[in-house]
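Here is what each chain is made of, one letter per residue.
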Amino acid sequence: LNVAGHRIGTAEVESALVSHPAVAEAAVVGRPDEIKGQALVAFVTLRASHAQKASHALQPGDAAADILRQHVVHEIGAIARPEEIRFTDALPKTRSGKIMRRLLREIACSGRARGDVTTLEDMAVLERLSAQQSDED
């Protein structure tokens, strides 16, 4: 992705997010931005076991998003800071377990996924992500 003139790989940002002990999995996509060219949007699933064990566990919300942004800054640098972090209980995956980033990109840009979803494992995940987007607007 080209963010403010810097080439940033989504895999590096995803790796930085997953290196935090509270994060189970993450997917990062780009969405158009008038100033930066592209803005990073991260979809994050938190570990349930971490929330139960730790007294300082992350709970989805603005404070957790700020902690994860700071973690990415510490791991990679300020230019890789996600503009938006969305918490979800699951990511849209194919039956073989691959994250469908195309659908996440569509949700980040327009609020809903269009196109072919025949290989999607669980349609309810898309519905929850789209509903979450509608609630934020």
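Throughout what follows, the structure given in this document is the object of discussion.

About the thresholds
- Residues numbered from 1 in each chain as written.
- Predicted model: local features only at pLDDT ≥ 70, side-chain atom pairs only at ≥ 80, totals over all residues.
- Heavy atoms only, no water.
- Buried < 20%, exposed > 50% of the residue type's maximum accessible area, 1.4 Å probe, protein only.
- Helix = DSSP H or I, 4+ residues; strand = E, 2+ residues; numbered from the N terminus.
- Arc of directions from axis to C-beta.
- Axes fitted to C-alpha atoms, helices over the stretch in contact; angles between N-to-C directions.
- Left-handed = near helix turned anticlockwise from the far one by under 90°.
- Contact = heavy atoms within 4.5 Å.
- Nonpolar A, V, L, I, M, F, W, Y, C, P; charged D, E, K, R; others polar.
- Salt bridge = Lys/Arg side-chain N within 4 Å of Asp/Glu carboxyl O.

## Here's the deal with helix α4 (residues 101-110)
Taken together, the buried positions of α4 are occupied by L103, L104, I107 and A108. Seen end-on, α4 carries its buried residues on one side only, within an arc spanning 135°. Count one or two residues on from α4 and you reach G111, which has phi positive near 95°.

## A look at the packing of helix α1 (residues 10-18) against helix α3 (residues 62-75)
Remark: α1 packs on α3, axes separated minimally by 9 Å, with the N-to-C direction vectors making an angle of 115°. Read as a crossing pair, α1 and α3 show a hand that is right-handed. Of α3, the residues touching α1 (which contributes V13, A16 and L17) are L68, H71, V72 and E75. Looking at the contact of α1 with α3 residue by residue, the classes come out as five nonpolar, one polar and one charged.

## Quick look at the pattern of salt bridges
Between side chains of opposite charge, a pair can form when the charged atoms approach closely. Enumeration according to the criterion identifies nine salt bridges in this entry. The salt bridge involving E84 is made with R31; its shortest N-O contact spans 2.4 Å. A residue pair is termed long-range when its members are at least 10 positions apart, and E84 in strand β5 (residues 84-87) and R31 in strand β3 (residues 23-33) qualify at 53 residues. Overall, E84 belongs to the buried group, its relative accessible area being 17%. The buried category is assigned to R31, whose relative accessible area is 17%. The residue D89 makes a salt bridge to R128 at a minimum N-O spacing of 3.3 Å.

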